[in-house]
Structure formats: structure tokens, C-alpha cells
Amino acid sequence: MRNTTATPAVEIAPAFPHAAAAPAMNNATVTPTSRNYPLLLASQFLGAFGDNALLVIMLGGVKRAFDAGRITAQQQQLENIFYTSVLFIPYVPLAPLAGFLNDRFAKSRWLLGGNLIKIAGALLTLLSVWHGAAWLAIGYAVVGV
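Residues numbered from 1 in each chain as written. Predicted model: local features only at pLDDT ≥ 70, side-chain atom pairs only at ≥ 80, totals over all residues. Heavy atoms only, no water.

**A look at the packing of aromatic side chains**
For any two aromatic rings, the description comes down to two numbers: the centre-to-centre distance and the angle of the planes.
Next, step 1: Under the criterion given, the structure shown has 2 aromatic pairs.
Next, step 2: Their ring planes at 25° and their centres at 6.0 Å tell us that F45 and F49 sit as a pair that is stacked. Of this pair, F45 and F49 both sit in helix α1 (residues 37-67), 4 residues apart, which is roughly one turn of the helix. Exposure class is identical for F45 and F49. Each is exposed.
Next, step 3: Pairing F82 with Y83 gives two aromatic rings, centres 5.2 Å apart and planes at 65°, and the pair type is edge-to-face.
Next, step 4: On the basis of relative accessibility, which here comes to 45%, the residue F82 falls in the partly exposed class. (Phe/Tyr/Trp six-rings, centres within 6.5 Å; stacked < 30°, edge-to-face > 60°. Helix = DSSP H or I, 4+ residues; strand = E, 2+ residues; numbered from the N terminus. Buried < 20%, exposed > 50% of the residue type's maximum accessible area, 1.4 Å probe, protein only.)

Written out as C-alpha cells, the structure is:
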């Protein structure tokens, strides 16, 4: 007697998960065990370090002005609040858009683009050396993007 029932097709997963076909959106998952995880951590660390280094440089100038007696304690506090806020004001409305785009594009491209924007912001803050403190705020707002 012959068995006429069809055997369902079984899809066998490859031995190496990274060899599997890429998802439709090209959005690979980085886990702590993947080889790209240390690179992801390093790039996020360097990005955060750069943001905070720029903030320290900016607030350091405010502190030097206070120590030299060019500004009062109240002006120092206001400038500290202002420059810290300049970073976060662009971040708040753009965070949902950034999250959406981050889910759609590869992390490496997304981090590269973000770091290129930060470099542009850092160069704009450098203009403040020759053209006044307004460029400091403009550059730091671009870094916040």
C-alpha cells in the first residue's frame, strides 16, 4: 500500500545564523554575541563622548568668564542652562523621526550620517573663535540634531 499524503515542506535553518537571507528591510539585529556589537558600543561611546566634550568646552568658556569677573553668577547659571538646552531642544522633536529612520536603515549608515552631522556642528562651534558666541549655540544645536 502506497502513502499518497504529501509531506509538508520543512525549511531547515542554516548552521550559521548570519548566513541566513537578510530581512526585507535590511535591518540586521546586533546582539551582545555578534561580532559587530563591540563596534556598535564603541561608536555609541565615541558619539556620546564627543557630545559631552563639546558641552564641557562650551561651559568651560563660561566658567572662565565667571572666574575672570566678566559675568556674574546669575549670568553663568543662565548660560549653563542655555547651552545645555540648545543640545536637547532639537533632540526632542526629532527623536521620533530618528527612531523611525533607525528602524528602516542599516545602523552603520545611520551612525555614519549622525557622526557627520556632529562634525559639521563641531566645525560651526569653531567659528565662534573668530565670529562670536552665536556660532557656539548654532553649532551645538546642529550637534543636537
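**Observations concerning the confidence of the model for the chain**
Any residue range with low pLDDT should be treated as having predicted coordinates unsuitable for detailed reading.
Next, step 1: The predicted model of the chain has a mean per-residue pLDDT of 75, with 79% of residues at 70 or higher.
Next, step 2: When mean pLDDT is taken per element in the chain, helix α2 (residues 73-104) scores highest with 85 and helix α4 (residues 128-131) scores lowest with 77.
Next, step 3: Long-range and interchain partners of residues 7-26, a stretch whose pLDDT sits below 50, account for 4 contacts in this model, where long-range means more than four residues apart. (pLDDT = per-residue confidence, 0-100. Contact = heavy atoms within 4.5 Å.)

**Here's the deal with the nonpolar core**
Next, step 1: Core analysis: the biggest nonpolar cluster contains 13 residues, and M58, Y83, Y140 and V143 have the highest contact counts within it.
Next, step 2: Those elements that place two or more of their residues in this core are α1, α2 and α5 (134-144).
Next, step 3: Looking at this core, the element that brings in the most residues is α1, giving 5 residues.
Next, step 4: In contact with M58, not counting residues within four places along its chain, are Y83, L136 and Y140. (Core = buried A, V, L, I, M, F, W, Y, C linked by side-chain atoms within 4.5 Å.)

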